[in-house]
Structure formats: C-alpha cells, structure tokens
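# Architecture and fold: a report
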Amino acid sequence: MSDPKIMCSVYRSDKKEGMYIYVPKQEPFEQVPEALMQTFGTPGHVMDLMLTPERTLARVDVKQVILGIQQNGYYLQMPPAEGHF
C-alpha cells in the first residue's frame, strides 16, 4: 500500500482559542457529528494542505491527523494545555 496523501482543509473554532479541525477538502463536514459542530462553533477557514506521512505539523503528529481523517472523516486538534511550555 502506498503512503496515504490527503488533501485537507483546516478550520479554527470561533468558540475555543487553539481548537482546529482537519477535514477532507472535497467533503469538509459530511462526517463531523452535529454535537461536535455545536461545540466547535462557526468554522473559520485557515488553509488547505496536502497531508503526507513525511509532513511536519506544528502541534500534532501528521500520522494521527491522517488516521483520524481516514477513520472518522475529521481530526480535532485541541488547544495546548495551559501551563505547558
């Protein structure tokens, strides 16, 4: 099996600073549960990017993001824990 490549869109939450959701660009919110969207708030588009296992992301492991999108249709990045450096 070849390495997975996923074109995704990243959105930020308007309700919680530092919370982001990664979704497939072609079908952004089709598999995101309604309850999660209510908690997340109105999504603000940040960027589109190609996810590959070699890519480095600032705060999360790209392989976890790819796995989340493959299994759930989205990956939710939570804000960093306060007090951690």
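This report concerns the structure included in the present document. (Residues numbered from 1 in each chain as written. Predicted model: local features only at pLDDT ≥ 70, side-chain atom pairs only at ≥ 80, totals over all residues. Heavy atoms only, no water.)

Another aspect to go through is the nonpolar core. Ranked by size, the top nonpolar core spans 13 residues in total, and within it Cys 8, Tyr 22, Leu 51, Leu 57, Val 65 and Ile 69 carry the most contacts. The set of elements that each furnish at least two residues to this core consists of strand 1 (6-12), strand 3 (44-51) and helix 2 (62-72). Examining the composition of this core, we find that four residues originate from one element, helix 2, more than from any other. Residues Met 19, Ile 21, Val 23 and Met 37 belong to the second largest nonpolar core, which totals nine residues. (Core = buried A, V, L, I, M, F, W, Y, C linked by side-chain atoms within 4.5 Å. Buried < 20%, exposed > 50% of the residue type's maximum accessible area, 1.4 Å probe, protein only. Helix = DSSP H or I, 4+ residues; strand = E, 2+ residues; numbered from the N terminus.)

Glancing now at helix 2. Among the residues of helix 2, Val 62, Val 65, Ile 66, Gly 68 and Ile 69 are the ones counted as buried. Burial along helix 2 is one-sided: seen end-on, the buried residues are contained in an arc of 160°. (Arc of directions from axis to C-beta.)

One open sheet holds the four strands; their spatial order is 3-1-2-4, and the pairing between them is antiparallel. Only two strands of the sheet have a single neighbouring strand rather than two, namely strand 3 and strand 4 (75-77). Averaged over all pairs of adjacent strands, the angle between strand axes in this sheet comes to 25°, irrespective of strand direction. One ladder, built from five bridges, connects strand 1 with strand 2 (residues 20-24); its direction is antiparallel. Bridge pairing in strand 2 places Val 10 opposite Tyr 22. (Pairing = 2+ DSSP bridges. Axes fitted to C-alpha atoms, helices over the stretch in contact; angles between N-to-C directions.)

Structurally, Ala 81 is set in the segment after strand 4. For Ala 81, a relative accessible area of 46% translates into the label partly exposed. In this structure the C-alpha to C-alpha distance between Ala 81 and Gly 18, which are 63 residues apart in sequence, comes to 9.9 Å.

On to the packing of aromatic side chains, then. In the structure shown here, the tally under the stated rule is two aromatic pairs. For the pair Tyr 11 and Phe 29, a centre-to-centre distance of 4.9 Å together with 55° between the ring planes defines the contact as tilted. Of this pair, Tyr 11 sits in strand 1 while Phe 29 sits in the loop between strand 2 and helix 1 (34-40), and the two are 18 residues apart along the sequence. Ring geometry for Tyr 22 versus Tyr 75: centroids 6.0 Å apart, planes at 70°, classification edge-to-face. Highlighted residues: Tyr 22 in strand 2 and Tyr 75 in strand 4, separated in sequence by 53 residues. (Phe/Tyr/Trp six-rings, centres within 6.5 Å; stacked < 30°, edge-to-face > 60°.)

Read these as geometric descriptors, not functional statements.
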